[in-house]
Amino acid sequence: MTTSWLALTLIAIGVFLVMEIVAWAAHKYIMHGWGWGWHESHHEPHEGLFEKNDLYAVVFAIFAIGLFALGTFAALPIVTAIASGITLYGLFYFIVHDGLVHQRWPFRHIPHKGYAKRLVQAHRLHHAVKGREGCVSFGFLYAPPVEKLSAELKSSGRVREEQGDRRPTN
């Protein structure tokens, strides 16, 4: 059994990186699929500190806590390293997605250049359509180029169609 701190650290970092793929798939196929009932609150205006969508973070946290318990009580350091990678991803999600992108923190910072700006813009494009259909950019810490996402939205016609629905009739 591997107990080298270097190997365990590399496992945790690897899990952290894989979590972006897991989160992307969960966002696209669960949150915008059969789990829309919780995630819809994230796409609607809301008041207060929490939204129903935050239950997804609770589910991931319970899973990670279970892995920490298993790794600790069964003396499985690899499982603990996996739990550490998942938890680290959750921390980055909380800081970047909830804090930087959605400004759910008491301080406000809007990035004006670099990757952080691209991440914020990509997520705003994700929220450019109403409902769960036709969205782009499902990652949380990785953002495809904004030009690519804009072209995808434009070619779908979804935003133009929704804007047409909002125009006043004479």
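Above this text sits the structure in question.
> Lay out empty space enclosed by the protein in plain terms, naming residues and giving numbers.
Taken as a whole, this structure holds one cavity of 30 Å³ or more when the rule is applied. Its volume calculated, the largest cavity comes out at about 40 Å³. Residue lining of the largest cavity: His 97, Val 101, Leu 119, Ala 122, His 123, Ser 137, Gly 139, Phe 140, Tyr 142 and Ala 143, and that is the complete set. Those elements giving two or more residues to the lining of the largest cavity turn out to be α4 (77–101) and α5 (114–126).

> Could you give me a rundown of α4, with the residues and numbers involved?
In this model α4 runs 34 Å from its N-terminal to its C-terminal C-alpha over 25 residues, within 8% of the 36 Å that 1.5 Å per residue would give. Of all the bends in α4, the largest measures some 25 degrees and sits at Tyr 93. In the stretch just after α4, Gln 103 is the one whose phi turns positive, near 55 degrees.

> Which residues make up the pattern of salt bridges, and what values go with them?
Taken as a whole and assessed by the stated rule, the structure comprises four salt bridges. For Asp 98, the salt bridge is made with Arg 104, and the minimal N-O distance between the two is 3.7 Å. For Asp 98, a relative accessible area of 8% translates into the label buried. For Arg 104, a relative accessible area of 23% gives the class partly exposed. What you see here is one network of salt bridges that share partners, running through Glu 51, Asp 54, Asp 98 and Arg 104.

> Talk me through unusual backbone geometry; I want residue IDs and the actual numbers.
If you check the backbone angles, Ala 75 has positive phi at about 55 degrees while not being a glycine. Looking at the element boundaries, Ala 75 is found in the loop between α3 (55–73) and α4. Positive phi, normally seen in glycine, also occurs at Ser 137, with a value near 60 degrees. Within the secondary structure, Ser 137 is located in the loop between α5 and α6 (146–156).

> Explain the environment of Gly 131 to me, using residue names and the numbers behind them.
Assignment of secondary structure puts Gly 131 in the loop between α5 and α6. In this structure Gly 131 comes out as partly exposed when scored by relative accessible area, which is 27%. Sequence separation of Gly 131 and Ser 155 is 24 residues, and the distance between their C-alpha atoms is 18 Å. Apart from residues lying up to four places away in sequence, Gly 131 is in contact with Trp 36 and His 43.

About the cut-offs
Residues numbered from 1 in each chain as written. Predicted model: local features only at pLDDT ≥ 70, side-chain atom pairs only at ≥ 80, totals over all residues. Heavy atoms only, no water. 1 Å grid on protein atoms, 1.4 Å probe; cavity = no way out; pocket = protein on both sides within 12 Å on 5 of 7 lines; lining within 4 Å. Points joined across faces, edges and corners; volume = space filled by probe spheres on them. Helix = DSSP H or I, 4+ residues; strand = E, 2+ residues; numbered from the N terminus. Expected span 1.5 Å × (residues − 1). Bend = angle between axes of the 7 residues up to and from the residue. Salt bridge = Lys/Arg side-chain N within 4 Å of Asp/Glu carboxyl O. Buried < 20%, exposed > 50% of the residue type's maximum accessible area, 1.4 Å probe, protein only. Contact = heavy atoms within 4.5 Å.

Note that every value here comes from positions in space, so none of it alone points to a role or purpose.
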